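Residue-level structure breakdown
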2 protein chains.
Amino acid sequence: MCRTQELVSSASKAKFSSNSTALNHEASAMANTKLGPILKDELDIVIPTIRNLDFLEMWRPFFQPYHLIIVQDGDPSKTIRVPDGFDYELYNRMDIDRILGPKASCISFKDSACRCFGYLISKKKYIFTIDDDCFVAKDPSGKEINALEQHIKNVLTPSTPFFFNTLYDPFREGADFVRGYPFTLREGVPTAVSHGLWLNIPDYDAPTQLVKPLERNTRYVNAVLTVPKGTLFPMCGMNLAFNRELIGPAMYFGLMGNGQPIGRYDDMWAGWCMKVICDHLGFGVKTGLPYIWHSKASNPFTNLKKEYKGIYWQEQIIPFFQTVTLPKHCDSVQKCYIELSKLVRENLSSVDEYFVKLADAMLTWIEAWNELNPSGEEATQLSKVVSE
Amino acid sequence: MCRTQELVSSASKAKFSSNSTALNHEASAMANTKLGPILKDELDIVIPTIRNLDFLEMWRPFFQPYHLIIVQDGDPSKTIRVPDGFDYELYNRMDIDRILGPKASCISFKDSACRCFGYLISKKKYIFTIDDDCFVAKDPSGKEINALEQHIKNVLTPSTPFFFNTLYDPFREGADFVRGYPFTLREGVPTAVSHGLWLNIPDYDAPTQLVKPLERNTRYVNAVLTVPKGTLFPMCGMNLAFNRELIGPAMYFGLMGNGQPIGRYDDMWAGWCMKVICDHLGFGVKTGLPYIWHSKASNPFTNLKKEYKGIYWQEQIIPFFQTVTLPKHCDSVQKCYIELSKLVRENLSSVDEYFVKLADAMLTWIEAWNELNPSGEEATQLSKVVSE
């Protein structure tokens, strides 16, 4: 831990404590939730960005009690403005290079994949990550949706990956397991990931954007459900929470953007790897609520350029992930991830040599993770060494 | 076909044509849907009952254009009143015995499992089955829900069992496949089953009813989704539609009620068998919309008595269905079902000798199905024999 803190403090991060305005807001948020902001000291909000974070104004009532980790993408000399009163640390590319040294090669540049650096540097149990073009949505009654609170509910209640419950998440208020649901499966399993959705601009690929430029998602589906074991889904990184202690090392967003042949597949990659590992280790993944308001469709032509290789590669990648099995001895996320990198190298390098590079980067990521997140025992030894 | 018709006409069924009132209602329903009641000549509504069918009054605007098959359970001497203007045929136990002869042993008595006789006797492509304590529900805007119309939409659009779409059914208006959904899977597969849900009284087992006597389902979830391949779910027979041509022979509701050690597992049994066969043959199963209004909770003590063996048996039955695989040569529903009956006998007779009886009944059911539903070629030969 000492070493980690040293590394972090050497970075040109800006870290602010809550000022009095922040405290007032925090007090009001606490008053709202009665028991205070839930998981306040156990959750970091990770935001990748290239612009001033004015979008945080709308989220102030919900986010201000929490600590933010801002990962600045693109030109590191640019100053990103963060509204007053937020408690945050900010890392730009120079910080990432300084902190990770040669291992910084595994962190993408000029792609929102850079956000996973925030997962690495966080020391909290939970992560919520959101894009800076996502705003507070309203439920059908007109009430503003506290997306973070719903994510926390999702990750704090078990998942049910082994059998489908037709009334959706049985752990939500007013719901339960229906007739015919095996009683021995009703305890559920720990939830690793909560995948939220988007009103207004749906998360479509470039071809669908081009074909349906005017389609907007107006359907509010009041459901949370577990993605069943053995089923893959397209995980979007726009509005996502996870238990970093359970699954963090699997949440690597791959090599995308600058210098890479592909973009906009960062979250998909993480989703495939994460789901296979959750299935292997017996963790759950929920999708559904909460919604955020996705304000602006990105340029479909730019997107097409970034995506087009992914669009045909995925026809081979997905069958690989659908059939991959991890050996029994892989009993930690790290072990699973290292094994997965081997299997990616063996099975996907025929698709494109890019996957050899990616498999290497997966290993580098795990090395970086272990360096910044030594396990309990290792942490004690390390701090002993540092203090001696 | 001639032989079937002969069998049917020998029954004491009552069959009415639409009278003028019916025609008026039909005209208004046609006016409502512009193109007339969809699948009017291709769908039967199957209703198992022991009482007068006053509940049909509320469904009149939606059901009257369709043909009803009423399966009267219990005392055959009792007259079931059907509101005027409905086109129906009604079968009581004596009819079933007369039509099926010794094969009638596979049709349950004093349990809603008897409904599957209606699936057998129908000659239509689609079946919608509903319980007589289910009424028209309203959507959150207060509009009455045409459950049948939504089921028809569900079965007429493809399913997506191989990959989960986070915006739910991509074939609904305003929805599509999200970014990262493989393009080669976007055609989907034929939908065999549409499983609808219930507002007000949820479909809970007796223990949950006892523990939560006041729980009501008030959550309207505006979603339809495909139950992924390899995932089982508890199929409820209360509000269910299916493509009889695709999956009919798998929709056997088992041996329940009178003379059997178990009740209230008829639909569950059908659901497990059907899902395994759909997964094998590449058909899809949807769940979600439409909702009906389930009016009255059944007696939890009576239910407990019927269910209690199922509650512990299912702990072994479900793992069996989760791991069962059908051989490649099983390329029709009938072949799959016969194979499944063998596997049930082999694997579940150790749970209870009841499963030997059930495996036999599964075979009898298929024999009865083939007799009443000869395939195209057989039908021609049969009609030739009959006319000669």
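Rules of the game
- Residues numbered from 1 in each chain as written.
- Chains lettered and ligands numbered in written order.
- Predicted model: local features only at pLDDT ≥ 70, side-chain atom pairs only at ≥ 80, totals over all residues.
- Heavy atoms only, no water.
- Patch = residues over 30% accessible without salt bridge, like charges linked within 9 Å, V, L, I, M, F, W, Y side chains within 5 Å.
- Areas by Shrake-Rupley, 256 points an atom, 1.4 Å probe, with all protein chains shown as cover.
- Salt bridge = Lys/Arg side-chain N within 4 Å of Asp/Glu carboxyl O.
- Helix = DSSP H or I, 4+ residues; strand = E, 2+ residues; numbered from the N terminus.
- Buried < 20%, exposed > 50% of the residue type's maximum accessible area, 1.4 Å probe, protein only.
- Polar contact = N/O pair within 3.5 Å; in protein donor to acceptor, adjacent residues only side chain to side chain.
- Contact = heavy atoms within 4.5 Å.
- Buried area = accessible area lost by both parts, 1.4 Å probe.
- Nonpolar A, V, L, I, M, F, W, Y, C, P; charged D, E, K, R; others polar.
- Pairing = 2+ DSSP bridges.
- Least-squares fit on C-alpha atoms with pLDDT ≥ 70 in both.
- Core = buried A, V, L, I, M, F, W, Y, C linked by side-chain atoms within 4.5 Å.
- Phe/Tyr/Trp six-rings, centres within 6.5 Å; stacked < 30°, edge-to-face > 60°.
- Lys NZ or Arg CZ within 6 Å of the ring centre and 35° of its normal.
- Axes fitted to C-alpha atoms, helices over the stretch in contact; angles between N-to-C directions.
- Parallel < 35°, antiparallel > 145°, perpendicular 65-115°, else oblique.

Take a nonpolar patch on the surface next. All names here are of chain A. A cluster of nonpolar side chains, Leu 210, Val 211, Phe 301, Leu 304, Tyr 308 and Tyr 312, forms an exposed patch at the surface whose accessible area comes to about 620 Å². When residues of the nonpolar patch are traced back to their parent elements, those giving at least two are α7 (206-211) and α10 (300-323). With four residues, the top contributor of residues to the nonpolar patch is α10.

This next bit is on the side chain of His 294 of chain B. Residue and element names in this part refer to chain B. Inspection of the secondary structure puts His 294 in strand β9 (residues 284-294). A residue is classified by how much of its surface remains accessible, and His 294, at 8% relative accessible area, is buried. Among the polar contacts made by the side chain of His 294, one reaches the side chain of Asp 133 at a distance of 3.0 Å. Ignoring any residue separated from it by four or fewer positions in sequence, one finds His 294 in contact with Asp 133, Cys 134, Trp 198, Leu 199, Asn 200, Ile 201 and Met 238.

Attention now moves to the interface of chain B and chain A. Taken residue by residue, the interface counts 59 residues in chain B and 59 residues in chain A. In total, about 5000 Å² of surface goes out of reach between chain B and chain A, with carbon and sulfur atoms giving 56% of it. Among the residues chain B hides against chain A, the three largest losses belong to Phe 164, Arg 179 and Arg 219 of chain B. Together they make up 17% of the total. At the junction of chain B and chain A, the tally comes to eight salt bridges. In this structure, Arg 179 of chain A engages Asp 203 of chain B in a salt bridge whose closest nitrogen and oxygen atoms are separated by 2.9 Å. If you look at where chain B meets chain A, you find 26 residue pairs in polar contact (both at pLDDT 80 or more). Listed by contribution, the elements that provide at least two residues to the side of chain B that touches chain A are β6 (191-200), α7 (206-211), α9 (266-281), β9 and α10 (300-323) of chain B. Broken down by element, the residue count for the side of chain B that touches chain A peaks at six residues, all from α10 of chain B. Broken down by class, the residue content of the side of chain B that touches chain A amounts to 30 nonpolar, 13 polar and 16 charged.

Residue and element names in this part refer to chain A. Summarising burial for strand β8 (residues 239-243): five of the five residues are buried, a large majority. Residues Asn 239, Ala 241 and Asn 243 of β8 are buried on one face, and the alternating residues Leu 240 and Phe 242, pointing to the opposite face, are buried as well. Pairing of strand β4 (residues 126-130) with β8 involves five bridges; the strand directions are antiparallel. Bridge pairing in β8 links Thr 129 to Leu 240. Note: strand β6 (residues 191-200) against β8, three bridges, orientation antiparallel. Across the sheet, the residue bridging to Ser 194 is Ala 241, located in β8.

Pro 290 of chain A follows Leu 289 of chain A through a cis peptide bond whose omega is 5 degrees. Counting through the fold element by element, Pro 290 of chain A comes out in strand β9 (residues 284-294). If you check the backbone angles, Leu 39 of chain B has positive phi at about 60 degrees while not being a glycine.

Here we come to the pattern of salt bridges. Summed over all chains, the structure comprises 40 salt bridges over all chains. We note a salt bridge from Glu 371 of chain A to Lys 103 of chain A, for which the minimum N-O separation is 2.7 Å. Of this pair, Glu 371 of chain A sits in helix α12 (residues 354-372) while Lys 103 of chain A sits in the loop between α4 (93-100) and α5 (116-121), and the two are 268 residues apart along the sequence. Here Asp 360 of chain B and Arg 345 of chain B are joined by a salt bridge, their closest N and O atoms 2.8 Å apart. Remark: Arg 345 of chain B occurs in helix α11 (residues 333-348) and Asp 360 of chain B occurs in helix α12 (residues 354-372); sequence separation between them is 15 residues. Overlapping salt bridges, with partners in common, bring together Asp 176 of chain A together with Lys 212 and Glu 215 of chain B in one network.

On to the relation of the copies chain B and chain A. Of the transformation superimposing chain B on chain A, the axial component is 0.0 Å and the angular component is 180 degrees, with the fit at an RMSD of 0.0 Å. What we have between these two chains is a two-fold relation. Ranked by how close their C-alpha atoms come to the rotation axis, the residues of chain B are headed by Val 221 of chain B, at 2.8 Å.

Quick look at the nonpolar core now. Membership of the largest hydrophobic core comes to 250 residues, with the highest contact counts inside it found for Ile 247 and Trp 269 of chain A together with Ile 247 and Trp 269 of chain B. Aside from chain neighbours lying at most four places away, what touches Ile 247 of chain B is Ala 192, Val 193, Phe 242, Met 274, Ile 277, Cys 278, Phe 283 and Val 333 of chain B.

Now for the environment of Leu 39 of chain A. All names here are of chain A. Tracing the backbone through its elements, the reader meets Leu 39 in the loop between α2 (20-33) and β1 (43-49). Residue classification places Leu 39 among the buried residues on the basis of a relative accessible area of 13%. Measuring from C-alpha to C-alpha, the distance between Leu 39 and Pro 261 comes to 39 Å, with 222 residues separating the pair along the chain. Filtering out sequence-adjacent residues up to four positions away, Leu 39 remains in contact with Tyr 66, Tyr 126, Ile 152 and Leu 156.

Here the focus is the packing of aromatic side chains. Inspection of every chain in the model, using the stated rule, returns 44 aromatic pairs over all chains. Note on Tyr 265 of chain B and Trp 272 of chain B: the rings are 6.4 Å apart at their centroids and 40 degrees apart in plane angle, and the pair reads as tilted. Look at Tyr 265 of chain B and you get buried, because its relative accessible area is 3%. A ring pair is formed by Trp 272 of chain B and Phe 321 of chain B, whose centres lie 5.7 Å apart and whose planes are at 35 degrees; its orientation type is tilted. Remark: Phe 321 of chain B occurs in helix α10 and Trp 272 of chain B occurs in helix α9; sequence separation between them is 49 residues. Here Trp 272 of chain B matches Phe 321 of chain B in class, with each residue buried. In this arrangement the basic side chain of Arg 186 of chain A is found over the ring face of Phe 183 of chain A, its NZ or CZ atom lying 3.7 Å from the centre.

Okay, the packing of α11 of chain B against α12 of chain B next. Residue and element names in this part refer to chain B. One way to put it is that α11 packs onto α12 with a least axis distance of 8 Å and a crossing angle of 170 degrees. It follows that α11 is roughly antiparallel to α12 by the angle criterion. Contacts from Gln 334, Tyr 337, Ile 338, Leu 340, Ser 341, Val 344, Arg 345 and Leu 348 in α11 reach Phe 355, Val 356, Ala 359, Asp 360, Met 362, Leu 363, Trp 365, Ile 366, Trp 369 and Asn 370 in α12. Each residue belonging to the contact of α11 with α12 can be placed in one class, and the counts come to 13 nonpolar, three polar and two charged.

Okay, the environment of Arg 264 of chain B next. Mapped onto the fold, Arg 264 of chain B is located in the loop between α8 (244-247) and α9. Classification of Arg 264 of chain B as buried rests on a relative accessible area of 15%. Expressed as a C-alpha distance, the spacing of Arg 264 of chain B and Asn 239 of chain B, which sit 25 residues apart in the sequence, is 15 Å. Among all residues touching Arg 264 of chain B, those that are not within four sequence positions of it are Arg 179 of chain A together with Asp 111, Tyr 204, Asp 205, Ala 206, Gln 209, Met 256, Ser 298, Asn 303, Lys 306 and Glu 307 of chain B. In terms of polar contacts, Arg 264 of chain B uses its side chain to reach the side chain of Glu 307 of chain B, at 2.6 Å.

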